[in-house]
Amino acid sequence: MVAAQVCREAGLDDDHRKLVLRQFRRAMYDADGLACDQPSSRSKRLTNRDFEQFMAIIERSAGGKLKGYSVTYWQRMADDVLQRMRYRARAI
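Heads up: these notes are all about the structure in this document. Note that the coordinates shown come from a computational prediction; the quantities given were computed from them, not determined experimentally.

**Remarks on the nonpolar core**
Residues V20, F24, F54, M55, I58, L66 and W74 are the most contacted members of the largest nonpolar core, which totals 17 residues. Going through the elements one at a time, α1 (2–9), α2 (14–21), α3 (48–61) and α4 (73–79) are the ones with two or more residues in this core. Broken down by element, this core gets its largest block of residues, five residues, from α3. In contact with F54, not counting residues within four places along its chain, are A3, C7, R17, V20, L21 and F24.

**Topic: the pattern of salt bridges**
Any two side chains of opposite charge can pair, on the condition that their charged atoms come close. Enumeration according to the criterion identifies four salt bridges in this entry. Linking D14 and R17 is a salt bridge whose minimum nitrogen-to-oxygen distance equals 2.5 Å. Taken together, the residues span about one helical turn, with D14 and R17 both in helix α2 at a distance of three residues. Among the ionic pairs, R86 bridges to D80, the shortest N-O distance being 2.5 Å. Among the charged side chains, a network of salt bridges with common partners joins D14, R17 and K18.

Thresholds, definitions, all that
Residues numbered from 1 in each chain as written. Predicted model: local features only at pLDDT ≥ 70, side-chain atom pairs only at ≥ 80, totals over all residues. Heavy atoms only, no water. Core = buried A, V, L, I, M, F, W, Y, C linked by side-chain atoms within 4.5 Å. Buried < 20%, exposed > 50% of the residue type's maximum accessible area, 1.4 Å probe, protein only. Helix = DSSP H or I, 4+ residues; strand = E, 2+ residues; numbered from the N terminus. Contact = heavy atoms within 4.5 Å. Salt bridge = Lys/Arg side-chain N within 4 Å of Asp/Glu carboxyl O.

Written out as structure tokens, the structure is:
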């Protein structure tokens, strides 16, 4: 749902969103986790890392800025693979 809304705000149509989602193997499952022919951004198998990568691609397509986020926010998040580990380590 978030992915579709962000794509609309970035001026990308549904076909372009599905084209980007096809790059993620885990997106080829529906919301129930069953294999399907069409990619879905609601797939249970998509990880946070997949979502960050998807958003970074959409952000690049939108010129580096998505509404509600700082410039290149998702590109930095996707590049920083250790961010979650640092966050969890601070909580210990």
